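Here's the letter readout for the chains.
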Amino acid sequence: MTYINHTCATAPSRPTLIAGLTARLAVWKQRRALKVLDDSALEDIGLTRREANAEARRTFWDAPESWRC
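From a predicted model like this one, the values you see are computed outputs, not experimental measurements.

Quick look at the overall build of the chain
Right, on to step 1. Of the regular secondary structure elements, the chain holds 3 helices and 0 strands.
Right, on to step 2. Helices (α) and strands (β) of the chain occur, in sequence order from the N terminus, as α-α-α.
Right, on to step 3. A total of 69 residues make up the chain; the buried ones form 12% of that total.
Right, on to step 4. Once local pairs closer than 6 in sequence are excluded, the contacts in the chain between residues at least 24 apart make up 53%.

Structure (structure tokens):
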């Protein structure tokens, strides 16, 4: 028997308030972390300082659709 172990395998459910806030907090933390990476770390992930700063300036509710399930 095969099991699908992916959170998007079923129809998307309406997120709870707590889940939505948790996701937004995660986006905010990731953007803050991106802002403080040094240039060699940014180069490792394929970003320039300008791109990292532009992403860090985005608001926490402005997450691309591809980040959502």
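Resuming the write-up.
Here we look at the pattern of salt bridges
Between side chains of opposite charge, pairing is possible as soon as their charged atoms come close.
Right, on to step 1. According to the stated counting rule, one finds 4 salt bridges in the structure shown.
Right, on to step 2. The salt bridge partner of Arg58 is Glu55, with a shortest N-O separation of 3.1 Å.
Right, on to step 3. The salt bridge partner of Arg58 is Asp62, with a shortest N-O separation of 3.1 Å.
Right, on to step 4. Where salt bridges share partners, they join Arg31, Glu55, Arg58 and Asp62 into one cluster.

Here's the deal with the environment of Glu55
Right, on to step 1. Within the element layout of this structure, Glu55 appears in helix H3 (residues 49–57).
Right, on to step 2. Along the backbone, Glu55 and Lys35 are 20 residues apart, and their C-alpha atoms lie at a distance of 8.2 Å.

Let's talk about H3
Right, on to step 1. All buried positions along H3 are accounted for by Ala52, Glu55 and Ala56. For H3, the angular spread of buried residues about the axis comes to 100 degrees, placing them on one side. What points out from H3, more than 90 degrees from its buried face, is the exposed set Arg50 and Arg57.
Right, on to step 2. Packed against the buried residues of H3 are helix H1 (17–35) and helix H2 (39–45).

Details of H1
In an α-helix, one full turn covers 3.6 residues, which means residues spaced three or four apart are oriented alike.
Right, on to step 1. Spanning 19 residues, H1 covers 27 Å between terminal C-alpha atoms, matching the ideal 27 Å at 1.5 Å per step.
Right, on to step 2. For H1, every residue scored as buried is listed here: Val27, Arg31 and Leu34. An end-on view of H1 places all buried positions within 60 degrees of arc, on one side of the element. The exposed residues of H1 that point more than 90 degrees off its buried face are Leu17, Ile18, Leu21 and Lys29.
Right, on to step 3. On its buried face, H1 is in contact with H2 and H3.

Details of the side chain of Glu55
Right, on to step 1. With a relative accessible area of 18%, Glu55 lands in the buried category.
Right, on to step 2. In terms of polar contacts, Glu55 uses its side chain to reach the side chain of Arg31, at 2.8 Å.

Quick notes on the rules
- Residues numbered from 1 in each chain as written.
- Predicted model: local features only at pLDDT ≥ 70, side-chain atom pairs only at ≥ 80, totals over all residues.
- Heavy atoms only, no water.
- Helix = DSSP H or I, 4+ residues; strand = E, 2+ residues; numbered from the N terminus.
- Buried < 20%, exposed > 50% of the residue type's maximum accessible area, 1.4 Å probe, protein only.
- Contact = heavy atoms within 4.5 Å.
- Salt bridge = Lys/Arg side-chain N within 4 Å of Asp/Glu carboxyl O.
- Arc of directions from axis to C-beta.
- Expected span 1.5 Å × (residues − 1).
- Polar contact = N/O pair within 3.5 Å; in protein donor to acceptor, adjacent residues only side chain to side chain.

By themselves, these are just geometric observations and shouldn't be taken as functional.
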